[in-house]
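# Architecture at a glance
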Amino acid sequence: MVIVMAHNATEADIKAVVKRIETLGFRAHLSRGEERTIIGIIGDERRLAGVALEALPGVEAVLPILQPFKLASRIMREEGTVIRIGDVTIGGDTIQVMAGPCAVESREQLLRTAEEVRKAGARILRGGAYKPRTSPYAFQGLEEKGLEILAEAREMFGLLVVTEVMDPRTVPLVAQYADIIQVGARNMQNFFLLRELGKVDRPILLKRGLSATIEEWLMAAEYILSHGNPNVILCERGIRSFETYTRNTLDLSAVPIVKHLSHLPIVVDPSHGLGKWRFVTPMARAAIAAGADGLLVEVHPSPAEALCDGAQSLTPENFHKMIQEIEKVAAAVGRRI
Ligand code: PEP
Ligand code: MN
């Protein structure tokens, strides 16, 4: 259930409603929108039977939420969530491009990529220090050394850093270095990890699981939100299908569906979605046309020599071209890069 407060509800009305909910043994989650305040009731709702919350002063309506996710639901927040990190916003009019190599491989590789993506206009640098590899024999990432290199690039080029965490035990360490913490597709339903990330003061980039439905994905976001972190960015990165030509099937239909169901920002990762660099730019254009709030794109100074995901990585030159192309699409849909 959510309680929609009237436009003219006072602070005292809101407080009284919260108090009543808490007295009944629930948690109240406040969402203060521009128009009105919405109060989510968190707990076993069967205990609400027969309680007339409509009768409290300032309450306009008490609405059931039919989906299993509540805090992630659009009903909790009519206007979309805009996440602010310094002067960078995610979910507003500006499309944010997060770009960089799949993995941090060396200081030289990362600094060079960072310089190039910054020059092209990106504000957020990506790069994995902990890599979830299918094979235990593949390059696993530089770990803390990789985080240090990312932090150096941030200082040198004025970029924000997004990087993946795989283990609840390294959440505090990754949070020290990252501006945005990524949860990879393979960990989307690692509920203990999600709970830890609920306690962290960093936005979370939550990638869609390899075979996750949109509802399962939003429920994963709900874990983070319900544990106290309101800043979740969803990332569509392709799902498993019968198609084998591409690495995954990029489900762009998820973009308008997520926008309909949820207030959370959503970005699209055409690199992992397609797995082949030549299709990244066309699908980046399509993602923006579909309403995505940003892109996550792999860029490598020398894709043929990449230790990870070279086949899907853009060269800096192709990344520049991609930015020029998406600028036009962004303008056509009333947004900017
Ligand atoms: C990545 O971003 O490099 C990555 C491992 O992505 P995903 O979790 O979507 O496979
Ligand atoms: Mn990758």
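Structure's up top.
Residues numbered from 1 in each chain as written. Chains lettered and ligands numbered in written order. Predicted model: local features only at pLDDT ≥ 70, side-chain atom pairs only at ≥ 80, totals over all residues. Heavy atoms only, no water.

### Considering helix α9 (residues 280-290)
Those residues of α9 not exposed but buried are Val280, Thr281, Ala284, Ala287 and Ile288. Buried residues of α9 fall within an arc of 115 degrees about the axis and therefore sit on the same side. In the core, the buried residues of α9 are packed alongside β13 (266-268), α8 (270-274), β14 (294-298) and α10 (316-332). Backbone geometry just after α9 places Gly291 at a positive phi near 110 degrees. (Buried < 20%, exposed > 50% of the residue type's maximum accessible area, 1.4 Å probe, protein only. Helix = DSSP H or I, 4+ residues; strand = E, 2+ residues; numbered from the N terminus. Arc of directions from axis to C-beta. Contact = heavy atoms within 4.5 Å.)

### What to know about the coordination of the manganese ion (ligand 2)
Within the first shell, the manganese ion (ligand 2) binds the protein through Cys102 (SG), His272 (NE2), Glu298 (OE) and Asp309 (OD), at distances of 2.0 to 2.4 Å. Written as a sequence motif, the donor arrangement for the manganese ion (ligand 2) is C-x169-H-x25-E-x10-D. Within this pair, whereas His272 is found in helix α8, its partner Asp309 is found in the loop between β14 and α10, the two being separated by 37 residues in sequence. Here His272 matches Asp309 in class, with each residue buried. (Donors = N, O, S within 2.8 Å, 3.2 Å for Na, K, Ca; no water.)

### Focus: the sheet that holds strand β3 (residues 37-42)
A sheet is described by the order of its strands in space; here four strands give the open sequence β2-β3-β1-β4, paired in antiparallel fashion. Since the sheet does not close on itself, it has two edges, and those belong to β2 (27-32) and β4 (59-63), each with one partner. Going across the sheet, the axis of each strand differs from the next one's by a mean of 20 degrees, ignoring polarity. As judged from the four bridges shared by strand β1 (residues 2-5) and β4, these two strands associate in the antiparallel manner. Each residue of the ladder has a partner; that of Val4, found in β4, is Ala61. (Pairing = 2+ DSSP bridges. Axes fitted to C-alpha atoms, helices over the stretch in contact; angles between N-to-C directions.)

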